[in-house]
Amino acid sequence: MRAARATPRRIQPAQRLDRFMQRANARYYASRDPFREFTTGPEVSQAFGEILGLWAATVWESIGRPDPVLLVELGPGRGTLMQDALRAAAEVAPAFRAALRLHLVETSPRLRGIQEKLLRGAEWHDDWAELPDGPMLLIANEFLDALPIRQFVHRESGWTERFVQGSRFVERPAAAPPREAPLDAIVEVCEPALALAGGLAARFAQGRRNHAPGAALFLDYGPAASAPGDSLQALSNGRPADPLAEPGTADLSAHVDFQAVAATARARGANVFGPVPQGLFLTRLGLFQRLDRLARGRSPAQAALLLAGGRRLVEPDGMGQLFKVLALASPHTAPLPGFTP
Ligand code: SAH
């Protein structure tokens, strides 16, 4: 009889939460269709992407109609938003459509494959830092919420940071994060979002090397002002799940800290607009006029469906209030459409 070998207990190394989230989401987006878990603005209504396409055309006019101009989308998902935006631009602003060069930032090879079928002639990048120089208009819907966060906890003994070990959190002593919080409260910091905000601001800010005019529009969910609390959430098969249980099988996201993103961009010299609630933003840009036009000549049932989609985007108990819109732009740009009454 063979002696049972004592199996040494495998001690899993603890991973910082942001590294865990990065890996889990990379696996998730590479293997699954995130749109089974949640639906996004462009998937709810074609008017969403169309309105954003017209927004981009209007901003292009206001920055002096640069030709060529980069039209960039971060995390285009199924490509729906951009397809709708390009159709509306071609219809209403053909000069803008002709001037734009499409650049998409997407890490998932699976989603890139889907985008390639819809958005011919685009260039793809793994990282926004690879985008070429030049005037630029950028749109990112539900992109920032997928970027990895760090979580710090204010303990009596000092600050700690949350790490993931196995399928549970452990805490390690850490330096104080950039924001205060009450005892035992969590402060979340999304470093890649802040790096992006700072990088875009530097591109847009005058007096910097390679600066060029531009604007970036972020639509995402989160509070308008920084707030302590754990906002990490996991969706698996359409239901809330334990974020740590089975990495790669759930979509992980967190609230976007719009105040921190805005402050970082401002500090690097950008003009910042918002955040404003998505409902207000889309209504000001004429969402319902657009829906009325789309409904003309359709059956009453189709028209009702169009209107229901639009309502979901703007109603407070739909995506109208929790979702916010924030824009960064070159200094001295005129107020961007949707941010003033
Ligand atoms: N904007 C789309 C999809 C949102 S889902 C919509 O509104 O429907 C998030 C998207 O961001 C996916 O396309 C995902 O693959 C992509 N993504 C997530 N993290 C990324 C990263 N670090 N770099 C580039 N793309 C990323």
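Reference entry: report on the structure contained in this document. Keep in mind that what you see is a predicted model, and the values were worked out from it rather than measured.

**Observations regarding the nonpolar core**
Membership of the largest hydrophobic core comes to 51 residues, with the highest contact counts inside it found for F96, L137 and F339. Among the elements that make up this core, the one with the highest residue count is helix α3 (residues 46–62) (nine residues). Discounting chain neighbours no more than four positions away, the residues touching F339 are W55, L217, F273, G274, V276, F281, R284, V325, L326 and A327. Core analysis: the second largest hydrophobic core is formed by 41 residues, F20, A24, M136 and F218 among them.

**Brief notes about the side chain of E161**
Structurally, E161 is set in strand β7 (residues 158–165). Within the structure, the side chain of E161 is placed 2.7 Å from the side chain of R150, a separation counted as a polar contact. Among all residues touching E161, those that are not within four sequence positions of it are R16, R150, Q151, F152, V170, E171, R172 and A174.

**Thoughts on the packing of α3 against helix α10 (residues 287–295)**
Between α3 and α10, whose axes approach to 10 Å, the crossing angle comes to 120°. One finds that α3 runs oblique with respect to α10. The two elements α3 and α10 meet at a crossing, and its hand is right-handed. In this structure, α3 uses Q46, A47, E50, I51 and L54 to contact α10, whose residues at the interface are L287, R290, L291 and L294.

**Here we look at the layout of surface pockets**
Its boundaries defined by the atoms lining it, the largest pocket holds a volume of some 780 Å³. Residue lining of the largest pocket: 38 residues in total, with G75, T107, F143, A146 and L147 positioned closest to the centre. Elements that contribute at least two residues to the lining of the largest pocket include exactly α1 (17–31), α2 (41–44), α4 (80–92), α6 (109–118) and α7 (191–204). It is α1 that provides the largest number of residues to the lining of the largest pocket, a total of six residues. Within this model, the second largest pocket holds a volume of roughly 390 Å³. What lines the second largest pocket is a set of 26 residues, and nearest its centre among them are R179, E188, V256, D257 and A260. Among the secondary structure elements, those contributing two or more residues to the lining of the second largest pocket are β9 (186–189), α7 and α8 (258–267). Counting residues per element, the lining of the second largest pocket draws most heavily on α8, at five residues.

**Description of the environment of F273**
By the element assignment, F273 lies in strand β14 (residues 271–277). For the pair F273 and F339, spaced 66 residues apart in sequence, the C-alpha to C-alpha distance is 6.4 Å. With sequence-adjacent residues up to four places away left out, F273 is seen in contact with V325, L326, A327, A329, T333, A334, P335, L336 and F339.

**Regarding the pattern of salt bridges**
Pairing between side chains of opposite charge can happen when their charged atoms approach one another. Summed over all chains, the structure comprises 17 salt bridges. A salt bridge links E50 to R87, with the shortest nitrogen-to-oxygen separation between them at 2.8 Å. Linking E50 in helix α3 with R87 in helix α4, this pair joins segments that are 37 residues apart in sequence. Overall, the relative accessible area of 1% leaves E50 in the buried class. Residue classification places R87 among the partly exposed residues on the basis of a relative accessible area of 36%.

**Thoughts on the side chain of S108**
With respect to the helices and strands, S108 occurs in the loop between β3 (100–105) and α6. Since its relative accessible area comes to 2%, S108 is described here as buried. Within polar-contact distance, the side chain of S108 engages the backbone nitrogen of L111 at 3.0 Å. Residue contacts for S108: discarding those within four places in its chain leaves Y29 and A30.

**A few points about the sheet that holds strand β13 (residues 251–253)**
One open sheet holds the three strands; their spatial order is β12-β11-β13, and the pairing between them is antiparallel. Looking along the sheet, the strands with just one partner apiece sit at the ends: β12 (239–241) and β13. Averaged over all pairs of adjacent strands, the angle between strand axes in this sheet comes to 35°, irrespective of strand direction. Examined bridge by bridge, strand β11 (residues 233–236) and β12 share three bridges and lie antiparallel to one another. Bridge assignment links A234 to a residue of β12, and that residue is A241.

What counts as what
Residues numbered from 1 in each chain as written. Predicted model: local features only at pLDDT ≥ 70, side-chain atom pairs only at ≥ 80, totals over all residues. Heavy atoms only, no water. Core = buried A, V, L, I, M, F, W, Y, C linked by side-chain atoms within 4.5 Å. Buried < 20%, exposed > 50% of the residue type's maximum accessible area, 1.4 Å probe, protein only. Helix = DSSP H or I, 4+ residues; strand = E, 2+ residues; numbered from the N terminus. Contact = heavy atoms within 4.5 Å. Polar contact = N/O pair within 3.5 Å; in protein donor to acceptor, adjacent residues only side chain to side chain. Axes fitted to C-alpha atoms, helices over the stretch in contact; angles between N-to-C directions. Parallel < 35°, antiparallel > 145°, perpendicular 65-115°, else oblique. Left-handed = near helix turned anticlockwise from the far one by under 90°. 1 Å grid on protein atoms, 1.4 Å probe; cavity = no way out; pocket = protein on both sides within 12 Å on 5 of 7 lines; lining within 4 Å. Points joined across faces, edges and corners; volume = space filled by probe spheres on them. Salt bridge = Lys/Arg side-chain N within 4 Å of Asp/Glu carboxyl O. Pairing = 2+ DSSP bridges.

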